[in-house]
Every structure is written in structure tokens, then in C-alpha cells.
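Residue-level listing of the chains:
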Amino acid sequence: MPLPDTFYCAQQIHIPPDLPDILKDFTKAAIRTQPKDLLQWCSAYFNALTKGECLPVKERLEMNVATQKTDTGLTPGLLKILHKQLSPNHTCSKKELEMKWKGLCLPMEQLEALLSLGSFDSKIIWMEFFALGCSSLGGSLMSSLKYACEILTNDEAGGPARIPFDTFVQLYTYLTHLEGDVPQDYTDNFLNRLQAQVNNQNGMIQVSNFYTSNRFGKVKKRAMED
């Protein structure tokens, strides 16, 4: 089909006045997020922008997790995006999670592995999946909880990374349940020791609290075994 013999001058082409700002924000977002598949991420970005939803954008440029020898996909920054997108309703569907996951260009095999580990059905309790996401980042239970605090906290980066103790207990209990080899009395004693510090911190726990307690617990446990 031949093109119409119509020519437009610059004065006839309407450019929305806010378009330069949109493109500027998009460029900054792409640089911060560093998506693996720019085209796929662009689709997710502008779809969220049109709907007024949380954008698939990292807060800052991040380096790969130190414990990762290879690029495993999920990073603290990407998990934080997913948390912002999916936590408000407390639960999400598997289809919704898959859509957000793909929008961040994350490997589907990693998602399937996490869903299988958590034995999730079509309805997913978000904080349980979040806990598994943290476990994929950390090499141990305490490292996983450290990532959880750093992702969930309202403190500035490099700060104490405080979160409500109730949230910490929920994550800790779920992860120890999945591990299956942590005695219940050890779990109870660990949380009870933390409670004294939490009471002096307005119900908040910070990373230094449970790292210190974890070391104390291991020393105490070894001493009891000896």
C-alpha cells in the first residue's frame, strides 16, 4: 500500500510537553536497573507507568551479591522491587508473580525452583515467598535474615536496618520450619534472647542484634554438647 502524499512540518507534529521528562526518567531507571532484556523490561516499565503501578526500577545501581559466584538472577534490589509490587495485598497469584518476575527479566527456572521449595499452590503468601527469595541470596539462615532486614527497613543504606520484630519472627519461623533440623527449644531460646533487646528498641530488631545473638547461641549450643 503506497504512503499518502502528505508531509508534516515540525509545527504540525504534536509532542506532549511532559514527554522529555518521561524519557529522562526512563533512561535513569534503565541505567539504575540494568535489565538483562531491555525490550522486555521496557514493556513492563511502560505498562506499569500507564496503570499507575509500582515501576520495575531499582532504587540504586547495585553490584552482584558477594556470595554469588555466577549471575543467579535475583538480587536484593530486584527482590525489593517485587516486594513493593506484590506485598500490599499480602497474597498474590502465581500468574501475577510470574508476570512481575518476567518483567524484571529474571530466569523462570529460578522462580520454579523457589515455588517448588515452598510448595506453593495458585495462591501465594507473599512474605513466605519473600523469605525464600532472601534464602536464595544468603548462604545461611542468618545471612538470609540479614538480607530481609536490609530490604525491608526504612533506614538509610548502611544504617542499622531495623524492622518490626513481629516481621522478623515470621520470617525466622518460616525458614527454620523449611530447614527442618532446627530444634524447637533452640528456636524459642533464640527468639527469647532477642526479645530483651527488642523491648529497648521500640519493638524493632536490627541486624547487629541477631548476628550477636546467633554467635552466642552457637557457642552456648557447642558448650552444652561438650
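Residues numbered from 1 in each chain as written. Predicted model: local features only at pLDDT ≥ 70, side-chain atom pairs only at ≥ 80, totals over all residues. Heavy atoms only, no water.

## A closer look at the overall build of the chain
Condition: Only DSSP runs of H or I covering at least 4 residues are called helices, and only runs of E covering at least 2 are called strands; the numbering of each starts at the N terminus. Calculation of accessible area relied on Shrake-Rupley with a 1.4 Å probe; when residues are assessed, cover is drawn exclusively from the protein chains displayed.
Per the secondary structure count, the chain includes 10 helices and four strands. Summing over all exposed atoms, the chain offers an accessible surface of approximately 13900 Å²; the carbon and sulfur share of this is 55%.

## Quick word on the packing of aromatic side chains
Remark: the centre distance and the inter-plane angle together describe each pair of aromatic rings, the angle taken between the planes. Definition in use: Note on ring pairs: Phe, Tyr and Trp rings are taken, using the six-membered ring of Trp, and paired if centres are within 6.5 Å. Classes follow the plane angle, with under 30 degrees stacked, over 60 edge-to-face and the rest tilted. Only protein chains enter the area calculation, which uses a 1.4 Å probe; residues under 20% of their type maximum are buried, those over 50% are exposed, and those in between are partly exposed.
Here the structure, examined in full by the defined rule, presents 13 aromatic pairs. Each ring, one from Tyr45 and one from Phe46, has its centre 5.1 Å from the other, and the planes form 80 degrees; the classification is edge-to-face. The exposure class of Tyr45 is buried, given its relative accessible area of 3%. Summarising the aromatic geometry, the rings of Trp126 and Phe130 are spaced 6.5 Å apart at their centres and angled 50 degrees between planes, so their arrangement reads as tilted.

## A few points about unusual backbone geometry
The backbone of Ser119 shows a phi angle near 50 degrees, a positive value even though the residue is not glycine. Among the structural elements, Ser119 can be located in the loop between α5 (108-118) and β2 (123-125). Positive phi values are uncommon outside glycine, yet Ala161 reaches one of about 60 degrees. Turning to its location among the elements, Ala161 is positioned in the loop between α7 (141-152) and β3 (163-164).

## Some remarks on the packing of helix α3 (residues 76-86) against α7
Stated precisely, the cut-off is as follows: For helices, the fitted axis covers only the stretch in contact; all axes are lines through C-alpha atoms, and the angles between them, taken along N-to-C directions, range from 0 to 180 degrees. Geometric relationships in this document are graded by angle, where less than 35 degrees denotes roughly parallel, more than 145 denotes roughly antiparallel, 65 to 115 denotes roughly perpendicular, and other angles denote oblique. Helix crossings fall into two classes, left-handed where the near helix is turned counterclockwise from the far one by less than a right angle and right-handed where it is turned clockwise. Two residues form a contact once any of their heavy atoms are found within 4.5 Å. Any residue that is not Ala, Val, Leu, Ile, Met, Phe, Trp, Tyr, Cys, Pro, Asp, Glu, Lys or Arg is counted as polar, Gly included; the first ten are nonpolar and the last four charged.
Two elements in contact, α3 and α7, have axes whose closest approach is 10 Å; the angle formed by their N-to-C orientations is 60 degrees. Comparing their axes, α7 and α3 come out oblique. Once α3 is placed against α7, the crossing between them reads as right-handed. Facing α3, whose interface residues are Pro76, Leu79, Lys80 and His83, α7 presents Tyr147, Ile151 and Leu152. Classifying every residue of the contact of α3 with α7 by side-chain character gives five nonpolar, one polar and one charged.

## Focus on α5
Note the following rule: The directions from the helix axis to the C-beta atoms are what the arc is built from.
Among the residues making up α5, those that are buried are Gln110, Leu111, Leu114, Leu115 and Gly118. What you see down the axis of α5 is that its buried residues fit within an arc of 135 degrees, all on one side. Away from its buried face by more than 90 degrees, α5 exposes Glu109 and Ser116. Elements in contact with the buried residues of α5: α4 (94-103), β2, α6 (126-137) and α8 (165-179). Looking one or two residues beyond α5, the residue adopting positive phi is Ser119, at roughly 50 degrees.

## Let's talk about α6
Definition in use: To estimate the expected span of a helix, count its residues, drop one, and scale the result by 1.5 Å.
For α6, with 12 residues, the first-to-last C-alpha span of 17 Å sits near the 16 Å given by 1.5 Å per residue. Counting buried positions along α6 gives nine out of 12 residues, so the element sits mostly inside the fold. Those residues of α6 lying buried are Trp126, Met127, Phe129, Phe130, Ala131, Leu132, Gly133, Cys134 and Leu137.

## Some remarks on the confidence of the model for the chain
For clarity, the cut-off: Per-residue confidence from the predictor is reported as pLDDT, a score between 0 and 100.
Chain-level statistics for the chain give a pLDDT mean of 86 and a share of 83% at 70 or above. Contacts of residues 213-226 to residues separated by more than four positions or lying in other chains number 13 contacts, the stretch itself having pLDDT below 50.

## Re the pattern of salt bridges
As a reminder, the rule being used: Within this document, salt bridges are pairs made up of a side-chain nitrogen of Lys or Arg and a carboxyl oxygen of Asp or Glu, the two lying within 4 Å of each other.
Tallying each qualifying case throughout the model produces seven salt bridges. The partner of Lys58 in a salt bridge is Glu62, and the shortest N-O contact between them spans 2.9 Å. Residues Glu150 and Lys146 are paired through a salt bridge, measuring 2.6 Å at the closest nitrogen-oxygen approach. Of the two residues, Glu150 and Lys146 both sit in helix α7, four residues apart, roughly one turn of that helix. A cluster of three or more residues bridged by salt bridges with shared partners is formed by Glu59, Arg60, Lys80 and Lys84.

## Some words on the packing of α4 against α5
Closest axis-to-axis distance for the α4/α5 pair is 10 Å, and the angle between their directions is 145 degrees. Like other packed secondary-structure pairs, α4 and α5 cross with a definite hand, here right-handed. Residues Lys94, Leu97, Glu98, Trp101 and Lys102 of α4 form the contact with α5, whose participating residues are Met108, Gln110, Leu111, Glu112, Leu114 and Leu115. Residue classes in the contact of α4 with α5 are distributed as six nonpolar, one polar and four charged.

## Some remarks on the nonpolar core
In summary, soluble globular proteins display a tendency toward joint burial of nonpolar side chains. As a reminder, the rule being used: The definition of a nonpolar core used throughout is a set of buried Ala, Val, Leu, Ile, Met, Phe, Trp, Tyr and Cys residues joined through side-chain atoms within 4.5 Å.
With 48 residues, the main nonpolar core has Phe129, Phe130, Phe168 and Phe210 as its most contacted residues. Once you skip the residues sitting within four places of it in the chain, Phe168 turns out to touch Leu145, Cys149, Ile163, Phe190, Leu191, Leu194, Ile205 and Phe210. Residues Phe26, Ala30, Tyr45 and Cys105 belong to the second largest nonpolar core, which totals eight residues.

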